[in-house]
Amino acid sequence: MSDTSAGGQPGDARRGSQAGQPGAEPAADEGPAVPHRVIGTPPPAQARTLLGQADDEPQAQPRELPAEVSDPERAKRAERVVAACFIIAMLAGFAFIVCYALFQVHTVNGALHSNLVLGSTMGLAFLGLGVGATIWVRQVMPVVEQTEERHPLASSPEDRAAFAKTFEEGTEASGFVSRPLLRRTLIAATVPVALAPIVLLRDMGPLPGTSLENTVWRRGMRLLTAGSNRPLTPGDFDSPGGMITVVPEGFQNDDDALAKAAVVIIKFAPGVLQPPTVLNWTVDGIVAYSKICTHLGCPAALYEQTTQHILCPCHQSTFDAPRGAQVLFGPATRPLPQLPMTVNSAGYLVARSDFHEPVGPSYWERS
Amino acid sequence: MSSNPLAGVGIWVDDRFHAARGARALARKIFPDHWSFLLGEIALYSFIILLLTGVFLTLWFQPSMTSVVYHGSYTRLDGVKMSQAYASTLNISFDVRGGLLMRQIHHWAADLFVAAIMVHMLRIFFTGAYRKPREVNWLIGIVLLTLSLLEGLAGYSLPDDLLSGAGLRILEGVIQTIPIVGTYLAFFLFGGPFPGHDIIPRLYIIHVLLLPALFLALITAHLFIMFHQKHTQMPGKGHTNTNVVGAQTYPYFMAKTGAFFFFTFAALALAGTFAQINAIWLYGPFSPTAISAGTQPDFYMGMLEGALRVMPAWQWTFLGHTVAWNVLIPALLPLGLVFTGAAIWPFLERWITGDKAYHNVNDRPRNAPTRTAIGMSVVAFYGVLWLEGANDLFAEHFDIPLYVTTIVARYAIFIMPAITYFVTKRICLGLQRKDAHLLEHGVETGIIRQLPNGEFIEETRPLNEDERAVLVARPDIPALPSGGDGDAVPAPGMRGAVGRVRERLHHTIAESVPLPDVTADGHGNGHGNGHGEIEGNEPDGHAPAAARQGDGADGASQADA
């Protein structure tokens, strides 16, 4: 950092180097406890003032800030460094503008390169300004330590009493206390003013009704693989294996429907599936569970074949796939609901019905 | 009258606004100097950068969930169905020059904003800067932190990518579990069932208008109150509760704070250049059937995420209703405890200590051992939940079984804060003892001297006045009126169980290593009264300084001269 050259501890260095400067000693500076009522004199230009009314001012006004640094040589060197920083910042700023024109986007690589040059030049420009300004204040400006008195925050007893009197008189004049009819009707009138905006928000959404209890799954609806939207037959699963996501036919692109109706199906070897899985709802060891985690609704999308666990990546609720997707670990309280499934006459996997219980997170109205 | 070219402008302004006196007071205002006072400025400048970059982003962002098929510059998603919000975010990233940079600076600035607020508040807490007269600003700060979490949640949900969509899904699930009104609130917020078509536009207006307006109002109030009450200062020579020591605004503070703005902007620009953040094109558009593993929310959501993960599966069902404690407790309790605790702490401490004085000189954290220990135990509590929010990454990278991380965290959220409290308090008292030792014996110089009689001693040098002033600054905790533990009649307010609790808490909070008597030299600020009776309770005890002999005492008396 630029300020380390000022000596070990900045605080010490500052206090040390101010010695002998008139007006910098706190006690001397503190002398007039009230703020000066005169227009101050900007340090670098003793003869001139900002407001040009110096003629009316006493000329012997003591300086509040020293005009010169204690080590002019060091300040001179620092000045050149600061100027160099500012020049770098200026060049980087111009480079930013040039790079904006030179580097085109509309491709991944173009965006990457544009980002690189624009960001670098921008960062360098600000860095130059920041470093320059810091060295300026640390090494070019004279070191000072000033003291200012704090004014009491509490008002004087007289002011408080005066305010209380004004307030009381105002209250009396208004009749707010002496005319309770006015006061009470005014308060009553504000009640609907507070209620109306809340009522206005009613149409932000429909009432939930029983919609959380149902999904779009209906009897005979085919199970399509998510993404490719292909109907499935039991023969598509030649061996036990991974988990695939399926969606109800006709709702492949309906996010509102899929947010509740997404299902995972897993094929197990014969005899692996056990209660509480409803075996009647499975086909050839293929079972379908809701993909919507019963904790907070994330898709429970991870399946570990060796342990046959379904894991929700959000909060790591773990479900036992062959045994009714019961909760093995994690914050979920309910098993993943099982979708009743069968095959239709054409041999495709279809739903027997909707889920027999609500899918997804718990909620108050749910039993 | 004057050759100053600014004089004309100055007169023009002053003729109309009577500005000279006020402007001089502004220019002359003293700001104290300490590195930790910059933390709030980082938050402020991050906020300004958020406003600047955010306005840029709104020029192209389309807060719409209307479904479109993408045919843009990012060819890997060509032909993919997505929302307009996501498509326009891709457009900003790949088709607007500087768009990606502004997006990444905006996101980094958001993280820095929240982080700076948090660290700033820790600084305020540990130095006791929230005490009278600054309680209101402390409360405003807590509201600002709360709003910043909401603002961040709303903001990172806007691109409607797969990652943020999962976040919204979790939000919906959490709202649904609120007893009685939960499903209604969720349906009102989302305009029907999740995901619907309303949430992005609604979050957008919350993110770009509602909350920023609140931020502007509260930050303005925060700064004006700070300005009006004047900044606190750290202990030091000549630093008292009735003055402020530092350098004046013009030119010193202006130059420093301006430089700091540039540093903040430079850091964020370089982060936005070289550190990729929220690469939404890699996550893909939101789909309710898909999710990616191992993804993390922004850091400030990590604690909530961890709380949800660590919670056991508790739930009540009765009379046809469900109370999902597995969601309600982690969603409300940890942050609720931290924020509510932070909000009532200044008033609780004030009640316990009976300290009604103004405090403009900060405490060094070691000099308020109980406060520091409480703060650190809250940090530990937060930290455990925060780490648990990334437990899958820990499990993966360190090859720990996933469930073990969660089970460990379930115990750690109770054990770690307790251990941290105890350890921190002992460290503080130890540091106080070290300070007392320095005051008594001076600084060891490392010079070994042999006395004529052959004895070796190490030379010490006395503390200089600056060092001494820092060490002797101690919070002055007044003694409570008698609780009547002996035959005496208890004072009002000290009677009954409440009085006994207060006395017990006061005893804990006032625990400190006493200052040695060698400070009675005019530099001490009249503390030391009240430390006598506390000394008796110190487990280790501490020999009165007067009983000690040796070169250290000599050194100290030299410093007095």
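Residues numbered from 1 in each chain as written. Chains lettered and ligands numbered in written order. Predicted model: local features only at pLDDT ≥ 70, side-chain atom pairs only at ≥ 80, totals over all residues.

Undergrad: I'd like a description of the overall build of chain A, backed by residues and values.
TA: Of regular secondary structure, chain A possesses seven helices and eleven strands. Burial status across chain A gives 34% buried among its 367 residues. Considering only contacts within chain A whose residues lie at least 6 apart along the sequence, 57% involve residues at least 24 apart. (Helix = DSSP H or I, 4+ residues; strand = E, 2+ residues; numbered from the N terminus. Buried ≥ 20, exposed ≤ 12 C-beta atoms within 10 Å, placed from the backbone. Contact = placed C-beta atoms within 7 Å.)

Undergrad: Go over the overall build of chain B with me, naming the residues and quoting the values.
TA: Counting secondary structure elements, chain B contains 20 helices and eight strands. Along the first, second and third principal axes, the C-alpha set of chain B runs to 95 × 85 × 55 Å. Here chain B holds 561 residues, and the buried ones make up 43% of them. Long-range contacts, defined here as pairs at least 24 residues apart, represent 72% of the contacts in chain B between residues at least 6 apart.

Undergrad: Tell me about the packing of helix α6 (residues 135-157) of chain B against helix α9 (residues 199-229) of chain B, and please be specific about residues and values.
TA: All names here are of chain B. Contact geometry of α6 with α9 gives a least axis separation of 10 Å together with a crossing angle of 160°. Considered as vectors, α6 and α9 are oriented roughly antiparallel to each other. The handedness of the crossing between α6 and α9 is left-handed. Contacts between α6 and α9 involve V136, N137, I140, G141, V143, L144, L147, L150, E151, A154, G155 and S157 from the first element and L203, I206, H207, L211, L214, F215, L218, I219, A221, H222, I225 and M226 from the second. For the contact of α6 with α9, the per-class residue count stands at 17 nonpolar, six polar and one charged. (Axes fitted to C-alpha atoms, helices over the stretch in contact; angles between N-to-C directions. Parallel < 35°, antiparallel > 145°, perpendicular 65-115°, else oblique. Left-handed = near helix turned anticlockwise from the far one by under 90°. Nonpolar A, V, L, I, M, F, W, Y, C, P; charged D, E, K, R; others polar.)

Undergrad: Summarise α6 of chain B; cite the residues concerned and give the values.
TA: Given a rise of 1.5 Å per residue, 23 residues ought to cover 33 Å, and the 34 Å separating the end C-alpha atoms of α6 of chain B matches this to within 8%. Among the residues making up α6 of chain B, those that are buried are G141, L144, S148, E151, G152, L153, A154, G155, Y156 and S157 of chain B. (Expected span 1.5 Å × (residues − 1).)

Undergrad: Give a detailed account of the pairing of strand β1 (residues 146-149) of chain A, specifying residues and quantitative values.
TA: Here β1 of chain A shows one buried face, formed by Q146 and E148 of chain A, and one open face, formed by T147 and E149 of chain A. Sheet topology note: the β1 of chain A/strand β4 (residues 243-248) of chain B ladder contains four bridges and is antiparallel. Within β4 of chain B, the position partnered with T147 of chain A by the bridge is V245 of chain B. (Pairing = 2+ DSSP bridges.)

Undergrad: How would you explain unusual backbone geometry if you had to name every residue and give the values?
TA: Residues and elements named next belong to chain B. With an omega of 10°, the peptide bond between K132 and P133 qualifies as cis. Tracing the backbone through its elements, the reader meets P133 in the loop between α5 (99-127) and α6. Backbone torsion omega between Y250 and P251 reads 10°, so that peptide bond is classified as cis. Positionally, P251 belongs in helix α10 (residues 249-274). Non-glycine residue D160 carries a positive phi angle of around 60°. Relative to the elements of secondary structure, D160 occurs in the loop between α6 and α7 (162-176). Classification of D160 as buried rests on a count of 26 C-beta atoms within 10 Å. For K230, which is not glycine, the phi torsion reads 70° and is therefore positive. Examined against the element boundaries, K230 turns out to sit in the loop between α9 and β4.

Undergrad: Break down the pairing of strand β5 (residues 286-290) of chain A for me, citing the residues and quoting the values.
TA: Residue and element names in this part refer to chain A. Burial of β5 is extensive: five of the five residues sit out of reach of the surface. Residues I286, A288 and S290 point to one face of β5 and V287 and Y289 to the other, with burial holding for every one of them. Pairing between strand β4 (residues 263-267) and β5: five bridges, direction antiparallel. Each residue of the ladder has a partner; that of V264, found in β5, is Y289.

Undergrad: Describe in detail the nonpolar core, supporting the description with residues and values.
TA: V263 of chain A together with F113 and L268 of chain B are the most contacted members of the largest nonpolar core, which has 174 residues in total. Ranked by residues supplied to this core, first place goes to α5 of chain B with 16 residues. In terms of domain composition, this core takes at least three residues from each of domain 1 (2-140) and domain 2 (215-351) of chain A. Apart from residues lying up to four places away in sequence, L268 of chain B is in contact with I49, I105, W108, A109 and L112 of chain B. Counting eight residues, the second largest nonpolar core, distinct from the first, contains L438, L439, L463 and A473 of chain B. (Core = buried A, V, L, I, M, F, W, Y, C linked by C-beta atoms within 7 Å. Domains from an automatic or database assignment.)

Undergrad: Any details on the sheet that holds β1 of chain A? Residues and values, ideally.
TA: Ordered in space as β1(A)-β4(B)-β1(B), the three strands form an open sheet in which the pairing is antiparallel. Both edges of this open sheet fall to β1 of chain A together with β1 (30-31) of chain B, since each of them pairs with a single strand only.

Undergrad: Can you explain the confidence of the model for chain B? Please cite residues and give values.
TA: Residues and elements named next belong to chain B. On average, chain B scores 87 in pLDDT, and the residues at 70 or more come to 90%. Scored below 50 in pLDDT, residues 519-561 makes 60 contacts in the model with residues more than four places away or belonging to other chains. We note a pTM of 0.86 for the whole complex and an ipTM of 0.85 for its interfaces. (pLDDT = per-residue confidence, 0-100.)

Undergrad: So what's going on with the packing of helix α3 (residues 72-102) of chain A against helix α4 (residues 108-140) of chain A? Which residues, and what values?
TA: Residues and elements named next belong to chain A. At their nearest, the axes of α3 and α4 sit 8 Å apart, and the two run at 160° to each other. Taken together, the axes of α3 and α4 are roughly antiparallel relative to one another. Note on packing geometry: the crossing formed by α3 with α4 is left-handed. Residue composition of the contact of α3 with α4, grouped by class: 23 nonpolar, five polar and two charged.

Undergrad: Quick one: what's the story with the sheet that holds strand β6 (residues 302-304) of chain A, residue by residue and with numbers?
TA: Residue and element names in this part refer to chain A. Within the open sheet, the four strands sit side by side as β6-β7-β8-β9. Their pairing is antiparallel. Both outer strands of the open sheet, β6 and β9 (326-329), are each paired with one neighbouring strand and no more. Taking each pair of neighbouring strands and ignoring which way they run, the sheet shows an average axis angle of 35°. Two strands pair when backbone bridges link them, and strand β8 (residues 318-320) and β9 are joined in this way by three bridges, in the antiparallel orientation.

Undergrad: So, α9 of chain B: which residues are in play, and what are the values?
TA: Residues and elements named next belong to chain B. Over its 31 residues, α9 extends 42 Å from the first C-alpha to the last, a length consistent with the 45 Å expected when each residue adds 1.5 Å. Maximal helix bending in α9 amounts to about 40°, located at I206. Within the span of α9, buried status applies to I199, I200, L203, Y204, H207, V208, F215 and H222. On its buried face, α9 sits against α3 (38-58), β3 (81-83), α4 (84-95), α6, α7 and α8 (182-190). Where α9 terminates, the next one or two residues include K230, which has phi positive at roughly 70°. (Bend = angle between axes of the 7 residues up to and from the residue.)

Undergrad: Residues and numbers for the interface of chain A and chain B, please.
TA: Each partner contributes to the interface: chain A provides 84 residues, whereas chain B provides 94 residues. Within the residue set of the side of chain A that touches chain B, elements represented by two or more residues are α1 (10-17), α4, β1, β3 (243-248), α7 (255-261) and β9 of chain A. It is α4 of chain A that provides the largest number of residues to the side of chain A that touches chain B, a total of 18 residues. Of the residues in the side of chain A that touches chain B, the class split is 48 nonpolar, 24 polar and twelve charged.

Undergrad: Give me the lowdown on the environment of T420 of chain B, citing residues and values where you can.
TA: Residues and elements named next belong to chain B. Looking at the element boundaries, T420 is found in helix α16 (residues 402-441). The class of T420 is buried, set by 21 C-beta atoms lying within 10 Å. Each C-alpha atom, one on T420 and one on H197, is 47 Å from the other, the two residues being 223 residues apart in sequence. Filtering out sequence-adjacent residues up to four positions away, T420 remains in contact with M376, S377 and A380.

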